[in-house]
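Take a look at the letters that make up each chain.
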Amino acid sequence: MSTSESEWRQKIDPDRIPGHVAMIMDGNGRWAKERGLPRSAGHRQGVETVRQIVRFSSELGIKVLTLFAFSTENWRRPAWEINFLMSLPEQYLHSELPELVKKNVRVKLIGDPARLPEPVRRAIDKGLRDTGGNTGMTLNFALNYGSRMEIVQAAQAMVEADRQGKLRGPVNEALFTSYLYTAGLPDPDLLIRTSGEYRLSNFLLWQLAYTELWFTDVYWPDFNPVHLLQAVYDFQQRERRFGKV
Ligand code: FPP
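The text that follows walks through the structure, step by step, so that each part is easy to find. No experiment lies behind these values; they were computed from the predicted model shown. (Residues numbered from 1 in each chain as written. Predicted model: local features only at pLDDT ≥ 70, side-chain atom pairs only at ≥ 80, totals over all residues. Heavy atoms only, no water.)

## Points about the overall build of the protein
Then, number 1: Helix and strand counts for the protein come out as eight helices and six strands.
Then, number 2: In the protein, the succession of helices and strands from N to C terminus is α-β-α-α-β-α-β-α-β-α-α-β-β-α.
Then, number 3: Computed over C-alpha atoms, the radius of gyration of the protein comes to 18 Å, within 12% of the 18 Å expected from 2.2 N^0.38 for 245 residues, which places it in the range of a compact globule.
Then, number 4: Reported as C-alpha extents along the three principal axes, the dimensions of the protein are approximately 60 × 50 × 35 Å.
Then, number 5: For the protein, the residues scored as buried account for 49% of the 245 residues in total. (Helix = DSSP H or I, 4+ residues; strand = E, 2+ residues; numbered from the N terminus. Rg over C-alpha atoms; globule rule 2.2 N^0.38 Å. Buried < 20%, exposed > 50% of the residue type's maximum accessible area, 1.4 Å probe, protein only.)

Take a look at the structure:
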């Protein structure tokens, strides 16, 4: 552990670790460009960051970690980059699944799996199966995820349930939430976005209603446990009122 890491660890209250942390992992392309490397090199280094941050988050006691890995808008990228991005979850799970199982981490997916290539779906299904009984941190991958699509699909499913006379009670926030991909998960306490962009980019729009937002200029491939500790420290200094005085 680096000095800086142990110093930051001492500053944070271990009893008030944010339960659910969501991350927009941005800046892989710019990280690569600054080094004269192809964008793929940035994504590859981004996967290394994912490995490190997943390990660290689970040790820190974060209960749910949601990572935005591929958005419904990312299909607009060139075919080679889509293919490259699509190969990453598979590679990651292939090498990390044994450790995730050992560390009691449970893998989950949010997003529409329908358009994901077959090998990705298979790798994810195996991840879901092999970690389904785990009770430690939930590692939630947002893949082919878009928040507006999620909300529209929830509304469609409710209309359909109503048509079939199967709607379970009045339409309220709790019922609506139960139709989202994130059903059963708590809302994020903390959202982190890297690379100096201040946008939500169609990520968890419903779920982030009361979330604390934290932005850093650091590109995702350079993001490390010290940055996460800094974000948690800032989170712990804030007063969350949820609309109350
Ligand atoms: C945004 O950077 C990043 C993405 C679109 C992909 C994020 C994916 C990873 C970090 C790897 C995922 C790993 C696993 C295991 C699923 P950008 O390409 O938009 O960067 P730029 O804005 O600098 O061009």
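## Focus on helix 6 (residues 147–163)
Then, number 1: The end-to-end C-alpha separation of helix 6 is 24 Å, in line with the 24 Å expected for 17 residues at 1.5 Å each.
Then, number 2: The complete set of buried residues in helix 6 reads Ser-147, Glu-150, Ala-154, Met-158 and Ala-161. One face of helix 6 carries all of its buried residues, which in axial projection span an arc of 75°. Exposed residues on helix 6 whose side chains face more than 90 degrees from its buried face are Arg-148, Gln-156, Val-159 and Arg-163.
Then, number 3: Each element contacted by the buried residues of helix 6 is listed here: strand 4 (138–145) and helix 7 (173–177).
Then, number 4: Where helix 6 terminates, the next one or two residues include Gly-165, which has phi positive at roughly 70°. (Expected span 1.5 Å × (residues − 1). Arc of directions from axis to C-beta. Contact = heavy atoms within 4.5 Å.)

## Comments concerning the site of the ligand
Then, number 1: Taken together, 19 residues sit near the ligand, with Met-25, Gly-29, Arg-30, Arg-39 and Arg-77 positioned nearest.
Then, number 2: A distance of 3.2 Å separates an oxygen atom of the ligand from a polar backbone atom of Asn-28.
Then, number 3: The side chain of Arg-77 places a nitrogen or oxygen atom 2.7 Å from an oxygen atom of the ligand.
Then, number 4: Within the complex, 91% of the 620 Å² of free accessible area of the ligand lies under protein.
Then, number 5: Of all the secondary structure elements, the ones that give two or more residues to the shell around the ligand are helix 2 (28–34), helix 3 (39–60) and helix 4 (79–102).
Then, number 6: Grouping the amino acids of the shell around the ligand by side-chain chemistry returns ten nonpolar, five polar and four charged. (Near = heavy atom within 4 Å. Polar contact = N/O pair within 3.5 Å; in protein donor to acceptor, adjacent residues only side chain to side chain. Areas by Shrake-Rupley, 256 points an atom, 1.4 Å probe, with all protein chains shown as cover. Nonpolar A, V, L, I, M, F, W, Y, C, P; charged D, E, K, R; others polar.)

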